[in-house]
Amino acid sequence: MGKVGIVLGGGGTKGAYQAGAIKALRELGKSWDIVTGVSIGALNGALLVQEDYDELYSLWENVESNDIVNGTVDLNFDIEDVISKPNQYLSFFKKYIDSKGADVEPLKKLMEKYYDKDIFLNSSIDFGCITTSFPGFKPVYVNKEMMYNNGVDYLMSTAACFPLFPKYKIGDNDYIDGGYYDNLPIDLAYKLGAKEIIALDLFRKPVHEKYMNREYIKYISPSTYLGPLLNFDKDIISRNIICGYYDVYKAYDVYGGYKYTIKKFEKPKFFKEFYLDVLKIESLISKMVNFKDDSYITNYFLKAQNKVILSEIDLHYGIIDEIMTMLKQPLNKVYKFEEISLLVLETFKDSFNEEYEMLPSLSIEKLKEYLDGFDRIGIISKIINQMLYPNKTIIGEDILLSFDPINYVIAKWIIYLVQDLTNK
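Conventions used here
Residues numbered from 1 in each chain as written. Predicted model: local features only at pLDDT ≥ 70, side-chain atom pairs only at ≥ 80, totals over all residues. Heavy atoms only, no water. Helix = DSSP H or I, 4+ residues; strand = E, 2+ residues; numbered from the N terminus. Buried < 20%, exposed > 50% of the residue type's maximum accessible area, 1.4 Å probe, protein only. Pairing = 2+ DSSP bridges. Core = buried A, V, L, I, M, F, W, Y, C linked by side-chain atoms within 4.5 Å. Contact = heavy atoms within 4.5 Å. Polar contact = N/O pair within 3.5 Å; in protein donor to acceptor, adjacent residues only side chain to side chain.

With that settled, consider unusual backbone geometry. Cis geometry marks the peptide bond from Phe 134 to Pro 135; its omega dihedral reads 15°. Positionally, Pro 135 belongs in the loop between β3 (126-134) and β4 (139-143). Residue Glu 51 is not a glycine yet carries a positive backbone phi of 55°. Within the secondary structure, Glu 51 sits in the loop between α2 (40-49) and α3 (53-62).

Structure (C-alpha cells):
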C-alpha cells in the first residue's frame, strides 16, 4: 500500500468538524504519511504533523473569538459564498482593495503557541499548504522546507481570509487565503506522493465533486451545514465536532444514516416495496405540468445528501432525516431504528384514527392556504389520514402530489412503517 494523504479544507471555525473527524479516524486505526490543507485546515494539519492530537482537541473545545481577532467580526460572512462563485472574484475584491480587515494579532499568537518548529520539521509526516498571491491570484505551494524560517507566516498567509482578515505580507509580497485558489488541496497531496486520500471538506457543497465516489479517495463532507466562517457559539462548535466524528463512522460504514446517525439494523421488508412505489410516484409526478421531472423525489434526496446515485437505503435515510429534523431530535447521539420507529408512531398515531379531522375538498390554491395554518407534522398527519381513508374526501392523489410530493412520500413511508410494526 502506498502513502496515505489526509487533506483538510478551509472554513474558519467550521474547522471544529475536522477535530471530531480526526478523533474518529484515529479510533478506527487510520494514519497518514502526508498532510495538506488550507486556512484553518493548514493549522489543524500542522498539529497532525506534530501528532499533537490532544492539543488539537483542546484548541477546539476552548477556542473563543478573542483567540482569533481583537474586537468584533462579521459572524455572517462565509468564504464559501465567495469561493463557490469564482467568476465574481474581481468585482468582489475591488470593493475591498484598500481594506485593512480585522486585527488578527491574537490568531498569530495562537499559531505561535501551537506551531512547534522543531517537532514539526523533524516529524516523519510530510506537509504542504497553499496560499494565494494578491493581486495576482496565483497559488504558492508551501512545503516543509519553506516552513523552516517562515512557518507561522505561511500559516497566517494561508488563513488570510480577505477582506474579513487583512492581506498578509511575507517579504515584499502580499498573500490571501489559500482557499481562493483551492479550498481542498487533494492535488497537492498527490504531488507530494499520496496514493490514497482521506479528504475532510468543510463546505455544504463539496469543493471537488469530481473526487467523490472514487477508488482510493475517502471524501468526507459535512452531513449538516456547519455555519458561517467565524461562529464561536460553544453549542455550534460542539455540534460540529460531533458531526465530524459521526460522519467519519458513517463514511467507513460502521454506522448508517446521513444527517442522523443510526446503528446498523436488519432492513425491514417494506423498504424494497416502498422504493419501488416511489418510482411509480415519480412517474406520476413527471406528467404534471408544474413538475415535469421524472426523478423529482430522487433528485430532492440526492441534493440533500450530496450523492450521485440514490440507493434504496439512501432513500430511507433521507426520509428519516426529514422526519427527525421536523421532530427536532438532537444530532449528538446514535439512534436505533426501533427508537426512531417508536418516535414516529407516537407522533403520528392520531392520524391513523378514522375520526381524525379530514382534509376539506378544496382546489390546490385553497388547499395550500388551508394547510399554511399547520406545521409540517400537521400537514403530514392530514395526508396520512387522507391516504388511509380516501372515502372521507374527494381530494385525489394527483392534487396531493401537486401540492407537496416530498411530504406525500414521507406520509406514505410512515404508513408503511406503522403497518410493518403492527403486523409483527
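Having seen the model, we can carry on.
The subject of this paragraph is the pairing of strand β7 (residues 196-200). Counting buried positions along β7 gives four out of five residues, so the element sits mostly inside the fold. In the sheet, strand β1 (residues 4-8) pairs with β7 via five bridges, with the strands oriented parallel. Within β7, the residue paired with Leu 8 across the bridge is Leu 200. Summarising the sheet, β7 and strand β8 (residues 217-220) pair through four bridges and their orientation is parallel. By the bridge assignment, Ile 198 is partnered in β8 with Lys 218.

Quick look at the nonpolar core now. If you look at the biggest cluster of nonpolar residues, it comprises 70 residues, and the most contacted ones within it are Ile 6, Ile 22, Trp 32 and Phe 165. In contact with Ile 6, other than residues within four places in its own chain, are Ile 22, Leu 25, Trp 32, Ile 34, Val 35, Thr 36, Leu 48, Ile 198 and Leu 200.

Counting through the fold element by element, Asn 407 comes out in helix α18 (residues 405-422). Only 2.7 Å separates the side chain of Asn 407 from the side chain of Arg 376, close enough to count as a polar contact. A polar contact of 2.6 Å, which involves the side chain of Asn 407, links it to the side chain of Asp 404. Among all residues touching Asn 407, those that are not within four sequence positions of it are Arg 376, Ile 379, Ile 380 and Ile 383.

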